[in-house]
Each structure stands twice: as C-alpha cells, then as structure tokens.
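# Chain and residue survey
Next come the chains, spelled out residue by residue.
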Amino acid sequence: MTDRNEQPVAGLLLAAGGGRRLGGRPKALLEHRGRPLVEHAVAVLRAAGCTRVHVVLGAGADAVRERAELPGCVLVDNPRWEQGMGTSLCAGLDSLAGTTARAALVSLVDQPGIGPEAVARVLAAHRGESSLVSAAYDGVRGHPVLLGAAHWAGIAATATGDRGARAYLEAHEQEITLVECGDVARAFDIDTEADLVHLE
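So, here is what we can say about the structure in this document. (Residues numbered from 1 in each chain as written. Predicted model: local features only at pLDDT ≥ 70, side-chain atom pairs only at ≥ 80, totals over all residues. Heavy atoms only, no water.)

### A look at the side chain of aspartate 110
Structurally, the position occupied by aspartate 110 is in the loop between strand 6 (103–108) and helix 4 (116–124). Leave out the neighbours within four places in its chain, and aspartate 110 touches Lys27, Leu37, Phe188, Asp189, Ile190 and Asp191. (Helix = DSSP H or I, 4+ residues; strand = E, 2+ residues; numbered from the N terminus. Contact = heavy atoms within 4.5 Å.)

If you want it as structure tokens, here you go:
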C-alpha cells in the first residue's frame, strides 16, 4: 500500500495576501460559511483529490495558525509576501522540492466560487511532470492551474510581483491544456469591500 501523500499532484494554496483593499484584513481569515476562508480552500483541494496540501502563509501568519484548523497541511511561511503573489508561488514550489510531488495544483485562497468540481477537472488533465493545465472560464484562462515539475524552475525564474506564473504561461501558451470550468465555478476574487457579498 502506498502512502497517501505520494500522489504525484500536490495542492498548493496561496493564502498569504494582506487584503490591502480590505482594510488590511488577511484574506486567509475572512469568514466564509462560519470558518476562515483558508479552511474552505483547503477543503476544496482535498475534496477534489489532493491528499498532500501545502499552504503558503504571509499576512497574519501567526493568527492563521492559531485560528484556522489545517490538520495534515504543510504550512509554508513567505516572509516576502508583501512583494506580491509571485513570491508566494516561489515559496510554495520550493516547499515541494524534495517531496514525491511531480506537479502542483495551484489555487488562490480568495476564490471561494471555485469548488471541487472545477479543481477535479483540472487535476484529471494531469499527464506527467511536463503538464501545464489551466481552468478556463468561457475560454479565458484562470485558476486553478496545474504546473508540472519540469516547469517549476522556469516559473520561479519569471514569477515577479503579482504576476505569479502568468509570464511563463504566456510564453508557453501552446503547451497549456485548457479545461472549461465556467459551467461549474465562478472565478471572482475577494479583493475589495464590495466583493465581500460573495462570502456566506
């Protein structure tokens, strides 16, 4: 019997954002369905089939550790979170080096409209460590994205500011498998006070 953490695809949740346009409230701790948003996002990854989940923390990391129940997750600190999502992506990919993971399924903590169905579709398109897969909404690339290990070094070299993997994915557009998810998910972000209406 193999260890359940030896699944080739690890869930990588980027949850370091400081919620600058939300009065500086860490996004991971925004409440959704009575629990911190980070718990909801981890539950989505697990329900979709990710047994290994790494969570990148930044803003309010100590408070997140204290308040959120994240059993079995690997918590990764990103001391440079204020420099943008690119640093969190790099910290997360770095944390997977040396594990059995050969791909990372990257999701964002502030997209509660993307549930297990969409994540599972992206996961199902994984073919190996050269895979690049992205959810699409009416044909437009969005999250989550699956990044095979063969691409991690290239992504880390180009991930700057809030662009994350965008520059790398644009340069490798022909290699990306798009998986339409617009029928099962809504790809809004929780960025501003007005967006809080999406939380339940």
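### Looking at the pattern of salt bridges
Between side chains of opposite charge, a pair can form when the charged atoms approach closely. One pass over the full model with this rule turns up 10 salt bridges. As a salt-bridge pair, lysine 27 and aspartate 110 come within 2.7 Å of each other at their nearest N and O atoms. Taken together, the positions of lysine 27 in the loop between strand 1 (9–15) and strand 2 (31–32) and aspartate 110 in the loop between strand 6 and helix 4 put the pair 83 residues apart, joining distant regions of the chain. For the pair lysine 27 and aspartate 110, a shared accessibility class is recorded, and that class is buried. Between glutamate 200 and arginine 33 there is a salt bridge whose closest N-O contact spans 2.7 Å. Pair noted here: glutamate 200 is in the segment after strand 9 (177–180) and arginine 33 is in the loop between strand 2 and strand 3 (35–36), with a separation of 167 residues, a long-range link. Residue arginine 33 is classed as exposed on the basis of its relative accessible area, which comes to 54%. Within this structure, Lys27, Asp110 and Asp191 form a network of salt bridges that share partners. (Salt bridge = Lys/Arg side-chain N within 4 Å of Asp/Glu carboxyl O. Buried < 20%, exposed > 50% of the residue type's maximum accessible area, 1.4 Å probe, protein only.)

### Some remarks on the state of the cysteines
Taken as a whole, this structure holds zero disulfides when the rule is applied. With no disulfide of its own, cysteine 50 lies 11 Å from the sulfur of cysteine 73, the closest cysteine sulfur. The closest cysteine sulfur to the non-disulfide-bonded cysteine 90 is located on cysteine 50, 20 Å from its own sulfur. Its relative accessible area of 18% is what places cysteine 90 among the buried residues. (Disulfide = S-S within 2.5 Å.)

### As for helix 3 (residues 85–96)
With 12 residues, helix 3 extends 17 Å between its outermost C-alpha atoms, agreeing within 8% with the 16 Å of an ideal straight helix rising 1.5 Å per residue. Along helix 3, nine of the 12 residues are buried, which leaves the element largely enclosed by surrounding structure. For helix 3, the full list of buried residues reads Gly86, Thr87, Ser88, Leu89, Cys90, Ala91, Gly92, Leu93 and Leu96. Those residues of helix 3 that are buried are in contact with strand 1, strand 4 (53–57), strand 5 (74–77), strand 6, strand 8 (140–148) and helix 5 (152–158). (Expected span 1.5 Å × (residues − 1).)

### Details of helix 1 (residues 37–48)
Residues separated by three or four positions in an α-helix point in the same direction, a consequence of the helix having 3.6 residues per turn. With 12 residues, helix 1 extends 17 Å from end C-alpha to end C-alpha; this agrees with the ideal 16 Å at 1.5 Å per step. Burial within helix 1 is extensive, with nine of its 12 residues counted as buried. For helix 1, the complete set of buried residues consists of Leu37, Val38, Glu39, His40, Ala41, Val42, Val44, Leu45 and Ala48. Glycine 49, located one to two residues past helix 1, shows a positive phi value of around 120 degrees.

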